[in-house]
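Structure assessment
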Amino acid sequence: MRGRLRGRLAAAVVAILAGSVLALFATTGPAVAFFSGGLFLDVQVESPAHLVARGAAVDVPLEVTCNARPGTVDLSVSVSQKAGSSVAQGFGHTSVGCTGSGQQITVRVQASGGKTFKQGTAVANAEIFGCNADFSTCGSETDSEVIDIKK
């Protein structure tokens, strides 16, 4: 009797540990939490970005995939770059129509705070936000990448 109880207890412990390890190391796709509501959102920052108006702004390329309805999502992008002893930074946003497949989008990020962007490396952060048709499920996804800024 004790042997069976120990065997069941050992099997339960092994099952719990195996499930924990699987949950910890299993790969998940973007916006997995939103699949239950039928919502899929993904944004990927791409490189290089391009200087606009001598560094007053940069055009940041993104790949966006979404199926939000009524059909649009909001994209926000920020860029930070070391500029001498301080930091050049800026923010841009736009709305995008969802097609259900990957789209190449460019968001213009305007420098703020008196510092301009220059050629070199920077950090770009992007966020996509959208809802399903009845607004019962809303969500967002983010991506942060080190990018090159070129002319």
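Model, not experiment: these values are computed from the prediction. (Residues numbered from 1 in each chain as written. Predicted model: local features only at pLDDT ≥ 70, side-chain atom pairs only at ≥ 80, totals over all residues. Heavy atoms only, no water.)

Re the pairing of strand S6 (residues 103–112)
Short version of the rule: A pair of strands counts as paired when DSSP detects no fewer than two bridges linking them. Helix and strand assignments come from DSSP, with helices taken as H or I runs of at least 4 residues and strands as E runs of at least 2, each series counted from the N terminus.
Pairing of strand S3 (residues 57–66) with S6, which is carried by 8 bridges, proceeds in the antiparallel orientation. Opposite Val58, over in S6, you have Val109 as the bridge partner. Two elements, strand S5 (residues 86–97) and S6, share 3 bridges in a ladder whose sense is antiparallel. Directly across from Phe91, in S6, lies its bridge partner Gln110. Following S5, the chain reverses through 5 residues before pairing antiparallel with S6; Gly100 in that reversal takes a positive phi of roughly 90°.

Some points on the state of the cysteines
Note the threshold: The term disulfide is used for any two cysteine sulfur atoms that are within 2.5 Å. Buried, partly exposed and exposed residues are distinguished by accessible area as a fraction of the type maximum, computed with a 1.4 Å probe on protein chains only: under 20%, between the cut-offs, and over 50%, respectively.
A full pass over the atoms with the stated rule returns 2 disulfides. The side chain of Cys66 participates in a disulfide bridge whose partner is Cys98; the two sulfur atoms lie 2.2 Å from each other. Sign of the S-S torsion, about -110° for the bond between Cys66 and Cys98, identifies this disulfide as left-handed. In this pair, Cys66 is assigned in strand S3 and Cys98 in the loop between S5 and S6, connecting sequence segments 32 residues apart. According to the relative accessible area criterion, Cys98 is buried, its value standing at 11%. Put simply, Cys131 and Cys138 are joined by a disulfide, and their sulfur atoms are 2.0 Å apart.

Considerations on the side chain of Asp42
To keep it simple, the criterion reads: Contacts described as polar in this section are N or O atom pairs within 3.5 Å, which, within protein, must combine one atom able to donate a hydrogen with one able to accept it, while residues neighboring in sequence count only if both atoms come from side chains.
Looking at where Asp42 falls in the secondary structure, it is placed in strand S1 (residues 41–45). For Asp42, the side chain forms a polar contact with the side chain of Gln44, separated by 3.3 Å.

Re the environment of Val58
Tracing the backbone shows Val58 in strand S3. For Val58, a relative accessible area of 0% puts it in the buried group. On a C-alpha basis, the gap between Val58 and Thr106 in space is 9.7 Å, while along the polypeptide they are 48 residues apart.

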